[in-house]
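Working through the structure, step by step
Residues per chain, in single letters:
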Amino acid sequence: MEVATYTPEDAPVPEGVIVIERATTPQELGPKVSRTAADVVRFLMQQGEMVTATQSLSDDMIELFTAEIGAEIRLVDPGEEQEVELKKMLGIEPISDDDELGGADIGPIRPPVITVMGHVDHGKTKLLDRIRRANVVEGEAGGITQHIGAYQTEHNGHTLTFIDTPGHEAFTAMRARGAQATDIVVLVVAADDGIMPQTEEAISHARAADVPIVVAINKIDRENADPQRVLSQLAERNLVPESWGGDTITVEISALENLGIDDLLEQLIVVSELEDLRAPDDGQAQGVVLESHLDIGRGPVATLLVQDGTLCVGDPVVAGAAWGRVRALIDDHGESLTEAGPSRPVQVLGLSDVCDAGDEFVVAPNEKVASRVADTREHWQRQASIGRETSSALGGGARLEDIFSQIQTGEAATLNLIAKADVNGSLEALTDSLNKLGRDEVKLAFVHRGVGGISENDVQLAAASNATIIGFNVRPDRKARELAEQEHVEIRSYEIIYNLIEDIEAAIVGMLAPEFEEVVTGEAEVREIFRVPRVGAIAGCYVTNGVITRGSKVRFLRDGAVIWNGEIASLRRFKEDTREVASGFECGIGLSDFQDLKPGDIIETYEDREVPRS
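What you see as residue numbers is a count from 1 along each chain, following the sequence as written. Confidence filtering applies because this is a predicted model: local features only for residues at pLDDT of at least 70, side-chain atom pairs given and counted only at 80 or more, and all residues used for totals across whole chains, interfaces and linings. With hydrogens and water stripped out, all remaining heavy atoms of the structure feed into the side-chain values.

**A few points about unusual backbone geometry**
- Phi is positive for Asp-276, which is not a glycine, with a value near 50°.
- Relative to the helices and strands, Asp-276 resides in the loop between helix H9 (261-275) and strand E9 (286-295).
- We note that Asn-473 has phi near 65°; this positive angle belongs to a residue other than glycine.
- Secondary structure elements follow DSSP: runs of H or I of four or more residues count as helices, runs of E of two or more count as strands, with numbering from the N terminus. Tracing the chain through its elements places Asn-473 in the loop between strand E21 (468-472) and helix H14 (478-487).
- Relative accessibility under 20% of the residue-type maximum defines a buried residue, over 50% an exposed one, and the middle range a partly exposed one, all with a 1.4 Å probe and only protein chains included. Take Asn-473: its relative accessible area is 27%, and that puts it in the partly exposed class.

**A few points about helix H13 (residues 456-465)**
- Buried within H13 we find Asp-458, Val-459, Ala-462 and Ser-465. Down the axis of H13, the buried set is contained in an arc of 140°. They therefore lie on one face. Away from the buried face of H13 by more than 90 degrees, exposed residues Asn-457 and Ala-464 are located.
- Asn-466 lies just past H13 and shows a positive phi near 55°. Arc definition: directions from the helix axis to the C-beta atoms.

**A closer look at the nonpolar core**
- Core analysis: the biggest nonpolar cluster contains 23 residues, and Leu-127, Phe-162, Val-186, Leu-264 and Leu-268 have the highest contact counts within it.
- Taken together, the elements giving at least two residues each to this core come down to strand E3 (113-118), helix H5 (124-132), strand E5 (158-164), strand E6 (184-190), strand E7 (213-218), strand E8 (249-252) and H9.
- Nonpolar cores are built from buried Ala, Val, Leu, Ile, Met, Phe, Trp, Tyr and Cys residues. Side-chain atoms within 4.5 Å join them into one set. Judged by nonpolar contacts, the second largest core, of 21 residues, contains Leu-430, Phe-472, Ile-497 and Ile-501.

**Quick look at the sheet that holds strand E14 (residues 328-330)**
- The strand order E13-E12-E18-E9-E10-E17-E14-E15 describes an open sheet built from 8 strands, whose pairing is antiparallel. At either end of the open sheet lies a strand with only one pairing partner, and these are strand E13 (322-325) and strand E15 (336-337).
- By the convention used here, strands pair only if DSSP detects at least 2 bridges between them. Of the strand pairs in this sheet, E9 and strand E10 (residues 299-308) are connected by 9 bridges, and their pairing is antiparallel. What sits directly across from Asp-295, in E10, is Gly-299.

Now the structure itself:
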């Protein structure tokens, strides 16, 4: 009698949708789908993926295995499921699809939040400069806005909140974040340049946020300004101007000459009244983090946009994985406030750490709850980060053939970087931009990323990991500089992201293995064959193109087919040895080890030249 043996494949897969965290290991994945870690590892190795039981798996690996056994899964970020419980602790009710944060039609009318977008150098910050009657542009390195700024202004008894988003493509994510927190988008288009790539991106962000777009056609004072061309370009993108029978408001302005600014503000007030923007100004304050940074004197500083309720000094606040009791509220003019209502941007002091731009913030019932929620989020964020870094380092798991090829050809070059920036948004944009520069032969690896100045710890880490330190709007202190000199650590500081990206790109190109292209240098036709004792056959040739040089690599062609490859052993002209013979002259060519010469054959010389990488 045969005894039935159990195999893992016989185990039934759990019914329903199984929630699995990203970057999970075979040890964690197996039990959730009624399998063992060995089952997962064995299957993936059969697919050519070399993994261990404790290695974080990529999304593709998890989906590949679960599809094989017929399991229905939902991948979530580590801590995502726990976040529901954390929000209940904070007293946040789930937001329904028709009741967005800060957009409910309850409570008193609130000021509109207006985001200014557009292509780099089209005059966004100069426009805000006019509106605020403060000089912001000169404070920006290279005249380019590097992070989000939020400001409030009054016009004819109406309060307007403006968010200035950077125009460089590196800050696409920050512009998207600004659009998500906004009610109206002002699209700035230069009358002389017209719609540019980043203008297109801004339009996409505004449409994704489903908010009205008001177009400010700037620089109309310039000689080559052509507002009609801008109107035509807008119409092509389904933003038909009102003057053309559409519903897109356009205003011609000159921020430099202070023309049309009042008209623009009036139009924004009209649009905000039509939108009927309301929010409760009492109860639990909620909103979004626009920016955050570490101030040496004041500690972590976060720029918050209040969307619901009123934020007061002394409130216990949770913002992402940071928490604290609000020690001070500061407006965009540097004045201290005791409270901030809906649509009010404020800087907040008192948080435990630098939070992430884009995080939601909420006032907690008490400090104990705030601390517990923040600590739990920090734990899960750390788990997610470890998983992402492990998965990234392994490229989602090294394939067997990749390992063999690396052994045969040598490891790919890796450029290790430590990135430090002044604010979290800049760090995020910097990371995104640099990640796009990697090549197959050269990998970019971030040993560490952080907000704040370049410290001794950064230098020590760079020395240990053979990394270059990149600082964006931050500088090393004296001790860090001295240690960097001792340890021969390279520190590069930048204030304009264009320069940073160009330098790193140049470094990557320098690390790429050289590429060579073949260049034909000369061509000669065999006219006659001479037999020389103890030397062999000599080809009497006529140089038809280029220059034939002694020692050159050579191809021997007969009827267009290559019949031999080698080198020119000897080159003579009128019985005299010569180094080279130019086109239009006759010569005698002796080949290294080829004797089967015939009249009419073609001798082609060539060389391999290095091609600059790009």
